[in-house]
Structure formats: C-alpha cells, structure tokens
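Letter by letter, the chains look like this.
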Amino acid sequence: MGLEMFSLHTKVMNGMEGRMRESNMRILVGLGVAVVYLLVGAIVFVRIEYPLEKIERETYLEYQNQWRERLLQLDIDETEIDKLFINIREAALNGIWMDRNLTSDPNWTFGQAFFFAGTLISTVGYGRVSPRTEHGKLFTILYCVIGIPLTLALLSAIVARMREPSHRLRGLLNQRLGHLFTVNHIRLIHVGVVLAALLIFVFAIPAWIFSSIETEWTYLDAFYYCFVSLTTIGLGDFEPGDDPNQSFRGLYKIGATVYLMGGLCCMMLFLATLYDIPQFNLTAFFVKNDEEMRFNEDEGKYGTLDSNTVENGYYAQQ
C-alpha cells in the first residue's frame, strides 16, 4: 500500500479496533468487488495492450532472424549468436549501453543516487535502477527500515500543518455558503476546490514542465508519470533524467526528488480532506456497524456548526 494510504488509515484503524461489529458481510462484499475489479482490469489491459505487444514481438523476431542469417553467413556458431543476443539484453536491462564511441552515463552518479534514495523512502520505487551488489542490497534493507518510518512521520507532520489553511478555506466556504448548503455539501465543495488545486499545481503544471524538459515525452506521458509517481505506484517506465545528454542531469534529479516529496504531501492532504466526508471514508464503512453509519449520515445531512466547531471563522482541528 502506498505511503499516504498507510498514514491516513493507521489512525482510523487504531480507533476502531473495538467496534468492528456487523461489518463482516461488508468485508466479504468488498473482497468480491475487489476480485471483479481485478478481473475487469486484466481483461481491459489484455485487449488494449496485447495487440501492440504482438506486433513488437513479431518485429523483433524478424530483426533477430535477419541478423542471425547474416552472422551465420560469416560461419559464426549459432550458440555464440544466442550468447550475443543475451549479452545485449542483459546490458540494456542494467542501463548500460554503448553506441559506437558513446556510452551512457553511470547509473550511480550523486544525482541519480539521491533520486534513488528518495524513491526508496517515499515507497515510489521505480525499479529501473537498483543495487546489484550484496552490500548494496543489505544497505537498502537497513536504509528503508529506518528511512520509511521517519519519512512517513515527517510527511504526516507536514500535512497536519497544511490542513490549517485547508480548514480556514472550509470555514470561509461555510460562512459564504452555509445558509444554502448542508455540512456534507460544504465538505464536497471543499474537496472539489482542493482537488482542482491539486490537479493544477501538482499535476498539470509539473507535467508541462517535465514535457518541456524531456524532449521524448508527450504531455500525456508527463502527466502519466506524475500520477504514477504521486500515487506511489512507481511503474518505472518513465523516469526524469534518463537521457544521458540531459543538461544539469544531477541537479535535475535532485529537483525531481523534491517534487516527489512535496507532491506526496499534497496527495496526503487531499486524501485527508476526502476522508472527512463519511460517505468517502471506505475504511469506516468496512469497520463501523450499521448504527454508527446511520448516525454519521444523519449528522452530515442535518448537522450544524456550533461555536466549538468553528473558531475565528474557520474549522478548528479536532
């Protein structure tokens, strides 16, 4: 599970361990929905992606057969030809490539190592560059055991402070629109504002910057990279600064690391804001009983904000 999901759900689960009644059936239904969702995803991905993969495989086999025929004409043993293709594949997977007299930059420059360390402690983990030595793998384990909890605590503390202006915004919305909408409606509007700001300043603008710097990325590629990274999925098919000819590559990698950390804070803030709405708090749905769920729904429909909820024009932290 991603870093931000773990951070938000841990506190919720700690307060509900003794109240997990009348929810077993919901969990079973949730598991069924999850399985169906996985099946739908698998079917759609196969239908969309397999045709392109089939074409690429056929093209590769055609190229491979052409070069095999040429090398056989030079009386080179077929076993040696197979070793050649294997060696080329292994070098490419390890990020080492040479074109005539030009070679790719080392994977373990300071900028790349800084970026790699950031992807570890943020749990993004692209996987395109990884330690290959025994000492490197051991250090990665120890580094993450210490670094991930510290990073989680730090980001959670930052988000707690970011929530203050978010509460001020919700209080302002309540002052202006409270006579027209219920508490839940105000919360929905508040989530919409936070989501719009997230899309503009954390996804749209950074994606435009990345697509301007990375000449081979389209805007969709850059937006896709931002989404995959900040949701801590980290597929690794796109990574900033992969081009060996990139100007100021090390500094660029450090800047991308800063973006990841800041973006994760914004994502955690959005999720915290979203979970303020009982209907969107799926964890509570699976652990609360029916009476508690009905109480929360009625409170959102008919509840009002008293002086203990609003301080100085904005929502107090509870």
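Cut-offs applied
Residues numbered from 1 in each chain as written. Predicted model: local features only at pLDDT ≥ 70, side-chain atom pairs only at ≥ 80, totals over all residues. Heavy atoms only, no water. UniProt positions renumbered as here; feature names shortened; annotations may be inferred. Phe/Tyr/Trp six-rings, centres within 6.5 Å; stacked < 30°, edge-to-face > 60°. Helix = DSSP H or I, 4+ residues; strand = E, 2+ residues; numbered from the N terminus. Buried < 20%, exposed > 50% of the residue type's maximum accessible area, 1.4 Å probe, protein only. Lys NZ or Arg CZ within 6 Å of the ring centre and 35° of its normal. Contact = heavy atoms within 4.5 Å. Salt bridge = Lys/Arg side-chain N within 4 Å of Asp/Glu carboxyl O.

An unreviewed UniProt entry lists the protein under the name Two pore potassium channel protein sup-9, with Caenorhabditis briggsae as the source organism. In its Sequence similarities (unreviewed entry) section, the UniProt entry covering the protein states "Belongs to the two pore domain potassium channel (TC 1.A.1.8) family." Among the UniProt annotations of the protein, the heading Subcellular location (unreviewed entry) holds the following wording: "Membrane".

**Q** Quick question: what am I supposed to make of the packing of aromatic side chains here?
**A** Two aromatic rings, taken as a pair, are described by how far apart their centres are and by the angle between their planes. Counted under the stated rule, the structure contains 13 aromatic pairs. Taking 5.2 Å as the distance between ring centres and 80 degrees as the angle between the ring planes, the aromatic pair formed by F210 and Y225 counts as edge-to-face. Remark: Y225 occurs in helix 7 (residues 219-230) and F210 occurs in helix 6 (residues 183-213); sequence separation between them is 15 residues. Owing to a relative accessible area of 6%, F210 belongs among the buried residues under this scheme. An angle of 75 degrees between the planes, with centres 5.5 Å apart, marks the rings of F210 and Y259 as edge-to-face. On the criterion of sequence distance, the pair formed by F210 in helix 6 and Y259 in helix 8 (residues 249-274) is long-range, its members being 49 residues apart. We note that F210, like Y259, is buried. An aromatic cluster is present here, built from F115, Y126, F210, W217, Y224, Y225, F238, Y252 and Y259 joined pairwise through their rings. Above the plane of the ring of W67 lies R70, whose end atom (NZ or CZ) is 4.7 Å from the centre. One residue, K253, lies across the ring of F115, its end atom 4.6 Å from the ring centre.

**Q** I tried to follow the side chain of T140 on my own but got confused; where do I start?
**A** With respect to the secondary-structure elements, T140 resides in helix 5 (residues 134-177). Apart from residues lying up to four places away in sequence, T140 is in contact with L120 and P131.

**Q** What is the right way to read unusual backbone geometry from this model?
**A** Excluding glycine, residues mostly carry a negative phi; peptide bonds, for their part, are mostly trans. At T123, a residue that is not glycine, the phi angle is positive and equals roughly 65 degrees. Tracing the sequence through the fold places T123 in the loop between helix 4 (110-121) and helix 5. A residue is classified by how much of its surface remains accessible, and T123, at 25% relative accessible area, is partly exposed. Phi at T232 is positive, roughly 60 degrees, even though this residue is not glycine. Structurally, the position occupied by T232 is in the loop between helix 7 and helix 8.

**Q** Got a minute to help me understand the pattern of salt bridges in this structure?
**A** Any two side chains of opposite charge can pair, on the condition that their charged atoms come close. Taken as a whole, this structure holds four salt bridges when the rule is applied. Salt-bridge contacts for E164 lead to R168; the nearest nitrogen and oxygen are separated by 3.4 Å. Of this pair, E164 and R168 are both found in helix 5, four residues apart, which corresponds to roughly one turn of the helix. Residue classification places E164 among the partly exposed residues on the basis of a relative accessible area of 35%. Between E239 and K253 there is a salt bridge, with its nearest N and O atoms 3.0 Å apart. Taken together, the residues E239 in the loop between helix 7 and helix 8 and K253 in helix 8 connect sequence positions 14 residues apart. When sorted by exposure, E239 lands in the same class as K253, which is buried. Taken together, the shared-partner salt bridges connect R163, R170 and D276 into one network.

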